[in-house]
Amino acid sequence: MAYYVTTPIYYVNATPHIGHAYTTIAADILARHYRQRGEETFFLTGVDEHASTVARVAAEQGLAPQEYADRILGAWQEVPRRINATNDFFIRTSDEGHKAFVQDFLQRIYDAGDIYEGVYAGWYCVRCEAFKTEAELVDGKCPIHETVPDWIEEQNWFFRLSAYQERLLALYDERPDFVLPAFRFNEARSFVAGGLQDFSISRAGQPWGVPIPWDPEQVAYVWADALVNYLSALSYARPGEDLRGTFWPVVRHLLGKDILRFHCVYWPALLLSAGYDVPRQLFVHGWLLLDERKISKSRGNVIDPLDLVDVYGADAVRFWSIRSVSFGQDGSVSVESLHERYERELANDLGNLVSRTTAMIDRFLDGELPARASVESQVRALVAGLGDDLARKFDVFDLTGALEAVWEVVRGLNRFVESQAPWQLAKDDARRDDLERTLYDLADGLRVAAVALASFVPETSARILDALGLDAAAIAWDEVAYGRLPARSGIVPAPPLFPRIDAPTAAA
Ligand code: MSP
C-alpha cells in the first residue's frame, strides 16, 4: 500500500519557529514509520510564497517579492534538513510546475460552472489570509493573531462552496475517520452543517500570485493556490513521472487547528469541483504554547528550532516535541522542559542503559554474546505485541501514545537490569547461564526498542543498533519482536548517547 503524508506549506514572511518544525517532525515520523513497514511512501513539505504578507515584507526590505522569497528560502529548507526530515520533495508555490498546475485546476473549476463574479466586502486578516465575520472577531481583532483586520472591498471571482454542502455532509457521514481526532471531525462537520458561504478565489489589485487563467488581471487567492500544492507536487516532483496514480488519493494531511476549515471543508469541495478524489484523511493537531499562548511571530514569543538542535541535537528535539504534548492537543513547551527530558529520559533511561549493557557484555563476556533467547524470558513478555500495538497507534496518528509504549519497554528494561543484577551473577561461575541469558535479553530488548524508536529518533536508533553490531537493514518493522538478535562478538562499551549539557540559563 502507498502512504503519502504532507505538512502545510509554510508562509515565508518570516523565518521558521518551533511550531513549524513541529508539524514537519510529526510528518517525518509517520513517513519513516511507513517506510519501515515496507509501504511505498511519499513525504511532502514546502513553502507558501504568494501571501500578501510576503509582498508586504519584501516591499519593506526594498525587494521584489520573488527576490525576497528566493533569499529566505534557505532558512526554510534548513529546518527539515537539520531535524533530519526525509521529505521526498520540497515544494515552492513559485515553482513553474506548481503555477501551471494551479491554473489548470482553477480552469477545471471554472469549466465545471462553480465560479461566478461578485463583490466582496469584509474584514480581512492578512496573517490568516482569510475574511473574518464580525462574530469571529474578539474586540474587533482576529482571535488567532490578536491584530485588527483590514477592511477590503473587491470585485472577485467566487467559488460556489454553498453548492457542496450536501456532498460534504455525505462525505463526513460515510467516512467517520475522514478527520481525526474525533473532536475535530465534529468541529468540521458542524461547520459544514451550519451552512456554507461562497468564497472568493481571486484577489484584485495585487500582482503577487498565480494569474487567473480567464482573467489575468487577478491572481489566485493564496489558499486556492496553496492547497493545490498537495496535488501539483505529484505531477512534477519526479520529472517524467506522474506520481498521482500512486499517491492520490491515499494522502494524509497534517495541519494545525488554525487551518482546519481550509483543509477539511474548502479543499475537499475544490477537489470535487475540479474532478479529483478527496484526501484519504486529515489529522488536525494542536498548538505548541509558550506561557499559555500560541507560539507565533505576531506575538514575538518564538523559539528557533535550530537553536535547540544546535544544543540538544535533532533527536532530542524530535523526542521532546512529540512526548511533551499529546499529538492532537495543545500543550505548553519550554526550553527547560526539553532539558529536563533530555537528562531524565534520554540520558538516564535510555543512554545509561545502552552504556551499561554494552559495558557488561564487554566486561563479563569479553564482548562475546551468545544467542540465548528463552521461552520464559521476562523481556519476551515485556515486548510481546509491541509491533502491532505501535502500528495501530500510528494508523490513528497517536504518535505520543506510540512513543509512550516504547518508553514503557525502556523503563521495563531498566527494572529488569536492577532485578537481575548481572554484576552479581558475574561473581558466580555457576550462574554463567543466567548471566548470558540476562545480558542477551537486555541487548535484545534494546534492539527492539531501537527498531521501534527508529522513526522518532533515527540517529539514536542507528547508534544503538551499531553498538550491537547491526546495520540499517535491522530496522524493518517485523524486527520489533523478541529474540531476533543473533550471537554477537566484538561488542565494546558504547560511547554515551546523550552527553551532559549545561542547564539553560534564564536568558535562553
Ligand atoms: N501557508 C498556510 C498553510 C497553507 S497549507 C496549504 C499557513 N502557513 S503558516 O506558516 O502559518 O503555518 C501553519 C502551520 O504551521 C500550522 O498549521 C501548523 O502546522 C504549524 N504551526 C505554526 N505555529 C504553530 C504552533 N505554535 N504550534 C503548532 N503548530 C504550529 O497557515
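Okay, so let's go over this structure. Given the structure is predicted, the values throughout are model-derived calculations rather than measurements.

Moving on, we come to the overall build of the chain. For the chain, the count of helices and strands is 19 helices and 17 strands. The C-alpha radius of gyration of the chain comes to 26 Å, within 12% of the 23 Å expected for a compact globule of 508 residues. Counting only C-alpha atoms, the chain reaches 90 × 50 × 40 Å along its principal axes. Each of the 508 residues in the chain was classed as buried or not, and the buried ones make up 58%. For the chain, the accessible surface area stands at approximately 20300 Å², while carbon and sulfur atoms represent 49% of it. Where the 50 positive side-chain charges of the chain centre and where its 73 negative ones centre are 4 Å apart.

Here we come to the pattern of salt bridges. Across all of its chains, the model carries 37 salt bridges by this definition. In this structure, R447 engages E479 in a salt bridge whose closest nitrogen and oxygen atoms are separated by 3.8 Å. Note that R447 is positioned in helix α18 (residues 432–453) and E479 in the segment after α19 (458–467), a separation of 32 residues in sequence. Among the residues examined, R447 registers a relative accessible area of 2% and is labelled buried. Several salt bridges converge on common partners, so that one network encompasses R323, E340, R341, R344, E345, E404 and R411.

Near the ligand lie 25 residues; those nearest to it are I9, T23, D48, G256 and L288. Within the contact set of the ligand, a nitrogen atom lies 2.8 Å away from a backbone nitrogen or oxygen of I9. The contact in question runs from a nitrogen atom of the ligand to an N or O atom on the side chain of D48, over 2.7 Å. Contact with the protein chains covers 95% of the free accessible surface of the ligand, which is 670 Å². Listing elements by their share of the shell around the ligand, those giving two or more residues are β2 (10–11), α1 (18–36), α7 (222–226) and α8 (229–236). For the shell around the ligand, the element with the most residues is α1, which contributes 4 residues.

Moving on to helix α15 (residues 386–395). Buried within α15 are the following residues: L386, G387, L390, A391 and F394. Seen along its axis, α15 keeps its buried residues to an arc of 125°; they face one direction. Exposed residues lying more than 90 degrees from the buried face of α15 are D388 and R392. Buried residues along α15 sit against α1, α14 (378–383), α16 (399–420) and α18. Just downstream of α15, F397 is the residue with a positive phi angle, here 65°.

Turning to the sheet that holds strand β15 (residues 288–290), a few remarks are in order. A sheet is described by the order of its strands in space; here 3 strands give the open sequence β16-β15-β17, paired in mixed fashion. Each having just a single partner strand, β16 (293–294) and β17 (331–332) make up the two edges of the open sheet. The pairing of β15 with β17 spans 2 bridges and is classified as parallel. Following the sheet pairing, L288 is matched in β17 by G331.

All right, on to the packing of helix α5 (residues 165–174) against helix α6 (residues 182–193) then. Following both chains from N to C, one finds α5 and α6 inclined at 155°, their axes separated by 9 Å at the closest point. Classed by the angle they form, the pair α5 and α6 counts as roughly antiparallel. The element α5 and its partner α6 pack so that their crossing is left-handed. Residues Q165, L168, L169, Y172 and D173 of α5 touch α6, and the partners they reach there are F185, A188, R189, V192 and A193. Split into classes, the residues belonging to the contact of α5 with α6 amount to 7 nonpolar, 1 polar and 2 charged.

Let's shift gears to the packing of helix α11 (residues 305–312) against helix α12 (residues 314–324). It is the contact of α11 with α12, at a shortest axis distance of 7 Å, that shows an interaxial angle of 120°. The angle between α11 and α12 falls in the class oblique. From α11, L308, V309 and Y312 reach across to α12, where they touch A314, A316, V317 and W320. The residue inventory of the contact of α11 with α12, partitioned by class, reads 7 nonpolar, no polar and no charged.

Turning our eyes to something else, we now look at the environment of C125. Structurally, C125 can be placed in strand β5 (residues 115–125). A relative accessible area of 1% places C125 in the buried class. Along the sequence, C125 and P143 sit 18 residues apart, while their C-alpha atoms lie 10.0 Å from each other. Residues within four places of C125 in sequence aside, it is in contact with A130, K132, C142, H145, T147 and P149.

Here we come to the environment of L290. Take L290: it is sitting in strand β15. When the C-alpha positions of L290 and A64 are compared, they lie 34 Å apart, and in sequence the two are 226 residues distant.

Time to look at the layout of surface pockets. Estimated volume of the second largest pocket: approximately 220 Å³. Lining the second largest pocket we find 14 residues, and of these T53, R56, V126, R127 and T147 sit closest to its centre. Contributing elements (two or more residues each) for the lining of the second largest pocket: α2 (52–60) and β5. The dominant element in the lining of the second largest pocket, judged by the number of residues it contributes, is α2, at 4 residues. When the residues that make up the lining of the second largest pocket are grouped by side-chain class, the tally is 6 nonpolar, 3 polar and 5 charged.

Mapped onto the fold, M1 is located in the segment before β1 (2–6). Sequence-wise, M1 and F247 are 246 residues apart; in three dimensions their C-alpha atoms are separated by 9.7 Å. Setting aside anything within four residues of it in sequence, one finds M1 in contact with E39 and E40.

This part is about empty space enclosed by the protein. Evaluation of the coordinates by the stated rule reveals 2 cavities of 30 Å³ or more. In this model, the largest cavity occupies a volume close to 70 Å³. Lining of the largest cavity is provided by Y10, P16, H20, A21, T24, T45, G46, V47, W76, V79, P80 and F90. Classifying every residue of the lining of the largest cavity by side-chain character gives 8 nonpolar, 4 polar and no charged. Space inside the second largest cavity adds up to approximately 40 Å³. Here the residues of the lining of the second largest cavity are counted per class, giving 6 nonpolar, 3 polar and 2 charged.

Parameters at a glance
Residues numbered from 1 in each chain as written. Predicted model: local features only at pLDDT ≥ 70, side-chain atom pairs only at ≥ 80, totals over all residues. Heavy atoms only, no water. Helix = DSSP H or I, 4+ residues; strand = E, 2+ residues; numbered from the N terminus. Rg over C-alpha atoms; globule rule 2.2 N^0.38 Å. Buried < 20%, exposed > 50% of the residue type's maximum accessible area, 1.4 Å probe, protein only. Areas by Shrake-Rupley, 256 points an atom, 1.4 Å probe, with all protein chains shown as cover. Lys, Arg positive; Asp, Glu negative; His and termini not counted. Charge placed at Lys NZ, Arg CZ, Asp CG, Glu CD. Salt bridge = Lys/Arg side-chain N within 4 Å of Asp/Glu carboxyl O. Near = heavy atom within 4 Å. Polar contact = N/O pair within 3.5 Å; in protein donor to acceptor, adjacent residues only side chain to side chain. Arc of directions from axis to C-beta. Contact = heavy atoms within 4.5 Å. Pairing = 2+ DSSP bridges. Axes fitted to C-alpha atoms, helices over the stretch in contact; angles between N-to-C directions. Parallel < 35°, antiparallel > 145°, perpendicular 65-115°, else oblique. Left-handed = near helix turned anticlockwise from the far one by under 90°. Nonpolar A, V, L, I, M, F, W, Y, C, P; charged D, E, K, R; others polar. 1 Å grid on protein atoms, 1.4 Å probe; cavity = no way out; pocket = protein on both sides within 12 Å on 5 of 7 lines; lining within 4 Å. Points joined across faces, edges and corners; volume = space filled by probe spheres on them.

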